[in-house]
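# Survey of secondary and tertiary structure
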Amino acid sequence: MTKRTSRGILDRLKSGIVLGAEGYVFELERRGYIKAGPYVPEVVLDFPEAVKELHREFLRAGCEVMVALTYYAHREKLKDVGRENDLERMNRQAVQLANEVAREGDALVAGNICNTWAYDPHNAAETSKTVRAMYEEQLGWAVEEGIDFVISETNDYLGEALIALEVIKQLKLPAMVTLASVQRDQTRDGYDYVEACKILADHGADIVGLNCDRGPATMLPIVEKVRTAVHCYVAAQPVPYRTSAEHPTFESLEIGNGQRAFPLALEPFLLNRFEMADFARRAQGIGVNYIGVCCGGAPHYVRAMAESLGRTVPASKYSPAMELHPMLGTQVETKDKVFLQDWKS
Ligand SMILES: [Zn+2]
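Residues numbered from 1 in each chain as written. Predicted model: local features only at pLDDT ≥ 70, side-chain atom pairs only at ≥ 80, totals over all residues. Heavy atoms only, no water.

## Considering helix α6 (residues 87-102)
Each turn of an α-helix holds 3.6 residues, which means side chains three or four residues apart point in the same direction. Put simply, the rule is: Strands here mean DSSP runs of E at least two residues long; helices mean DSSP runs of H or I at least four residues long; both are numbered from the N terminus. Expected span, for any helix, means 1.5 Å times one less than how many residues it has. Residue exposure (1.4 Å probe, protein chains only): buried if accessible area is under 20% of the type maximum, exposed if over 50%, otherwise partly exposed. Any two residues whose heavy atoms approach within 4.5 Å are treated as being in contact.
Compared with the 22 Å implied by 1.5 Å per residue over 16 residues, the 23 Å span of α6 between its first and last C-alpha is a close match. Taken residue by residue, α6 has Leu87, Met90, Asn91, Arg92, Ala94, Val95, Leu97, Ala98, Asn99, Val101 and Ala102 as its buried positions. In this structure, the buried residues of α6 make contact with α3 (43-46), α4 (48-60), β2 (65-67), α5 (75-80), β3 (108-114) and α7 (124-145).

So this is what it looks like as structure tokens:
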């Protein structure tokens with residue numbers, strides 16, 4: 001597989017912020033191509049054009065990394081939906097689709113591995129073998145199809161993240177390893193998030209940080225501490241939802257009567273594009289190197305984030321020009337306002 005670009009992820013990070021975008025599973029579920037519950041990316045085989053279209057929309061919005069849609073495309077999850085025999089085909093095709101669209105612009109392709117639900121810290125020796133085999137098989141196919149680096153994401157356990165990191169390093173690829181942050185302060189195996197990032201950095205991760213679970217308001221304070229604790233690159237890919245000190249994760253948001261909004265009734269908590277633009281600027285301000293979005297993410301957020309970083313992207317051609325609106329005109333002066341409440345209190 002020939003390389004699309006001469007500039008790899010580490011080169012790009014050296015010279016500035018890299019803008020990413022994820023949340024493929026969430027968005028393709030909303031579009032009717034993935035079943036909520038199992039959340040297996042069957043769409044890769046069943047509706048490949050839908051996957052390419054979303055890649056393309058993110059690319060036009062300024063995303064620099066096409067993340068292969070192999071999230072949950074691992075042996076454990078495919079068993080749940082009776083498609084274990086499609087495992088290899090699904091993984092290979094996901095990387096092929098990401099490559100096809102990356103070549104339409106100047107994007108990188110990231111292989112993607114994630115939390116497996118197979119890791120058990122109380123039986124680490126035995127379950128580590130299972131997890132390692134799953135990662136090796138997924139990334140083996142990904143490397144054959146052509147990837148520039150690997151994103152290991154939504155890691156609930158530091159132990160599992162370290163296995164991912166080892167497998168990526170054996171393949172001699174740059175490793176971005178980011179943690180889930182469902183619990184208040186620590187990973188499911190009991191490491192403070194900042195400490196866990198530091199351990200990952202000490203073990204050779206090129207990029208560490210957090211993805212998913214938290215909105216900008218509750219993710220950035222942790223990421224700021226990670227920034228001061230490590231020397232490597234730092235990533236922040238929050239969910240675009242209004243989380244708070246009381247409800248720090250999108251899993252904990254409630255729509256009333258104690259009913260939780262996650263994962264199918266989250267719309268009332270969505271941030272607007274200006275708030276996500278504000279997030280990107282704040283992340284830049286604290287020295288985050290890889291800025292993106294996770295579940296709930298959509299192209300309009302990515303474009304707003306790109307533009308807030310001073311970039312003009314293909315989709316900027318159709319960015320708002322409210323002064324041309326016959327009724328609203330200049331009444332909509334939202335561009336430079338600060339929307340997010342200060343999370344440093
Ligand atoms: Zn997510």
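## Regarding the packing of aromatic side chains
Spelled out, the test is: Each aromatic pair joins two rings of Phe, Tyr and Trp (for Trp, the six-membered one) with centres within 6.5 Å, and gets the label stacked for planes under 30 degrees apart, edge-to-face for over 60, and tilted for any other angle. Our definition puts a charge over a ring when NZ of Lys or CZ of Arg is within 6 Å of the ring centre and also within 35 degrees of the ring normal.
Using the criterion set out here, one finds eight aromatic pairs in the structure. When the centroid spacing of 6.5 Å and the interplanar angle of 10° are considered together, the rings of Phe26 and Tyr39 count as stacked. In this pair, Phe26 sits in helix α2 (residues 24-30) while Tyr39 sits in the loop between α2 and α3, placing the two residues 13 residues apart along the sequence. In this structure an aromatic cluster arises from ring pairing among Phe26, Tyr39, Tyr241, Phe250 and Phe262. Over the aromatic face of Tyr72 sits the side chain of Lys77, whose NZ or CZ is 4.4 Å from the ring centroid.

## A few points about the pattern of salt bridges
For clarity, the threshold we go by: Basic side-chain nitrogens of Lys or Arg form a salt bridge, by our definition, when they fall within 4 Å of a carboxyl oxygen of Asp or Glu.
Applying the stated criterion to the full structure yields 26 salt bridges. For Glu145, the salt bridge goes to Arg92, with nearest N and O atoms at 2.9 Å. Of this pair, Glu145 sits in helix α7 while Arg92 sits in helix α6, and the two are 53 residues apart along the sequence. Take Glu145 and Arg92: they sit in the same class, and that class is buried.

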